[in-house]
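For reference, the chains in residue letters:
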Amino acid sequence: GPVPLAGLILSELGARIVLANTYHLFFRPGAAIVAAHGGLHGFMGWDGPILTDSGGFQVFSLAQTREIRDEGVEFTSVYDGSRHLFTPERAMAVQQELGADIVMCLDQCASASASREELTEAVERTTRWAETCRRTHSRPDQLLLGIVQGGVDPSLRRRSAAQLLALDFPAYAIGGLTVGERRDQMLQTV
């Protein structure tokens, strides 16, 4: 068939890594279709590194239609209004099928206006989900990252980082920023 041009165009633009969106790829064209075309690398014609997010931020942005529970996040698709449940297991399964090089744990991103109680709950849930992601992720050719949460609260950030460090991920990401906090707070938190 035709050679995908995305990889060629990205190379010409000087891209060194590509972020692919798990949430949107889950719906269109679907992880099974991407996998049938050689994963994201074959699908895009890109041989450089690819990172997939967990879909957690997109679900966070669907505040009016989402319900966060301990087992995962139930939400309404922006494409057809159908209801879906993203669990840590499902986030791992979809990302493994997409075949990215770097994949993210499902996390709970809390808004900048969240109370300390809500931020604490998000940190604890993110840790529990990270434990599940660590246990269910089975592709040794993918780098799995834990995501530190805690808003702009330094003590909650330290707590989240310590809990994730105990799970011994090969790398970590800073999550839950640029969600409405002031720029100076974001920079200080980073």
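In case you missed it, the structure is sitting above this.
What counts, and where the lines are drawn
- Once a new chain begins, its residue numbering starts again from 1 and follows that chain's sequence as written.
- Restriction of local features to residues with pLDDT of at least 70 applies here, the model being predicted, together with a cutoff of 80 or more for giving and counting side-chain atom pairs; totals for whole chains, interfaces and linings are based on all residues.
- Side-chain figures throughout are based on the complete set of non-hydrogen atoms in the structure, without hydrogens or water.
- Only protein chains enter the area calculation, which uses a 1.4 Å probe; residues under 20% of their type maximum are buried, those over 50% are exposed, and those in between are partly exposed.
- Only DSSP runs of H or I reaching four residues or more are called helices, and only runs of E reaching two or more are called strands; each is numbered from the N terminus.
- When DSSP finds at least two bridges between two strands, those strands are taken to pair.
- For our purposes a nonpolar core is just a set of buried Ala, Val, Leu, Ile, Met, Phe, Trp, Tyr and Cys residues, chained together by side-chain atoms within 4.5 Å.
- Any two residues having at least one pair of non-hydrogen atoms within 4.5 Å are treated as being in contact.
- Think of it this way: a Phe, Tyr or Trp ring, Trp meaning its six-membered ring, pairs with another when their centres are within 6.5 Å, and the plane angle makes it stacked under 30 degrees, edge-to-face over 60, tilted otherwise.
- Here the axes come from fitting lines to C-alpha atoms, over the contacting stretch only for helices, and the angles between their N-to-C directions go from 0 to 180 degrees.
- Here a salt bridge means any side-chain nitrogen of Lys or Arg lying within 4 Å of a carboxyl oxygen belonging to Asp or Glu.
- When the strands point away from the viewer and the path from the first strand over the helix to the second turns clockwise, the crossover is right-handed.

Observations concerning the pairing of strand β4 (residues 72-76)
Moving on, step 1. Where burial is concerned, most of β4 is hidden: 4 out of the 5 residues are buried.
Moving on, step 2. Pairing analysis gives 3 bridges linking strand β3 (residues 67-69) to β4, with the strands arranged antiparallel. Across the sheet, the residue bridging to Arg-69 is Gly-72, located in β4.
Moving on, step 3. Where β3 folds back on β4, the antiparallel hairpin that results is connected by 2 residues.
Moving on, step 4. As paired elements, β4 and strand β5 (residues 83-86) share 4 bridges and run antiparallel to each other. What sits directly across from Glu-74, in β5, is Leu-85.
Moving on, step 5. Linking two consecutive strands that pair antiparallel, namely β4 and β5, is a turn of 6 residues; a positive phi of about 80 degrees is found at Gly-81 within it.

Topic: the nonpolar core
Moving on, step 1. Leu-40, Ile-50, Phe-75 and Leu-98 are the most contacted members of the largest nonpolar core, which totals 32 residues.
Moving on, step 2. Those residues within four positions of Leu-40 in sequence are excluded, and the remaining contacts are Ala-20, Leu-25, Val-34, Gly-45, Ile-50, Thr-52, Leu-98 and Ala-100.
Moving on, step 3. Formed by 7 residues, the second largest nonpolar core is a distinct cluster that contains Ile-102, Met-104, Ile-147 and Ala-173.

Looking at the packing of aromatic side chains
Moving on, step 1. This structure, assessed with the given rule, holds 8 aromatic pairs.
Moving on, step 2. A centroid spacing of 5.1 Å and a plane angle of 70 degrees characterise the contact between Tyr-23 and Phe-27, whose relative ring orientation is edge-to-face. Note that Tyr-23 and Phe-27 are positioned in helix α2 (residues 22-27) at a spacing of 4 residues, about one turn of the helix.
Moving on, step 3. The exposure class of Tyr-23 is buried, given its relative accessible area of 1%.

Details of the sheet that holds β5
Moving on, step 1. Spatially, the 3 strands line up as an open sheet ordered β3-β4-β5, and their pairing is antiparallel. The sheet terminates laterally at β3 and β5, the two strands that pair on one side only. Taking the axes of each pair of neighbouring strands and ignoring which way they run, one obtains an average angle of 20 degrees across the sheet.
Moving on, step 2. Against the sheet, helix α7 (residues 116-136) engages β3 and β4, with an angle of about 65 degrees to β3.

Considering the pattern of salt bridges
Moving on, step 1. This structure, assessed with the given rule, holds 11 salt bridges.
Moving on, step 2. A salt bridge links Glu-71 to Arg-69; the nearest nitrogen and oxygen atoms lie 2.7 Å apart.
Moving on, step 3. Look at Glu-71 and you get partly exposed, because its relative accessible area is 40%.
Moving on, step 4. Measuring nitrogen to oxygen at the nearest pair gives 3.0 Å for the salt bridge that ties Asp-184 to Arg-182.
Moving on, step 5. The structure contains a network of salt bridges with shared partners spanning Glu-67, Arg-69, Glu-71, Glu-74 and Arg-83.

A short note on the sheet that holds strand β8 (residues 171-174)
Moving on, step 1. With parallel pairing, 5 strands are arranged side by side in an open sheet as β1-β2-β6-β7-β8. Sheet topology places β1 (18-20) and β8 at the edges, where each strand pairs with a single neighbour. Adjacent strand axes in the sheet meet at a mean angle of 30 degrees, parallel and antiparallel pairs treated alike.
Moving on, step 2. In this structure, strand β6 (residues 102-104) lies alongside strand β7 (residues 143-148), joined through 3 bridges in parallel fashion. Bridging across to β7, Met-104 finds its partner in Leu-145.
Moving on, step 3. Those strands touched by helix α6 (residues 88-98) are β2 (50-52), β6 and β7, and its axis lies near 165 degrees from that of β6.
Moving on, step 4. Helix-sheet contacts for helix α8 (residues 154-165) involve β7 and β8, and the interaxial angle to β7 is about 155 degrees.

Things to note about the pairing of β8
Moving on, step 1. Only one face of β8 is covered, namely the one carrying Ala-171 and Ala-173; the face carrying Tyr-172 and Ile-174 has none of its residues buried.
Moving on, step 2. Where β7 and β8 come together, 4 bridges link them in parallel fashion. Bridge assignment links Gly-146 to a residue of β8, and that residue is Tyr-172.
Moving on, step 3. Crossover connection from β7 via α8 to parallel β8: handedness right-handed.

Honestly, it's all geometry; don't read function into it.
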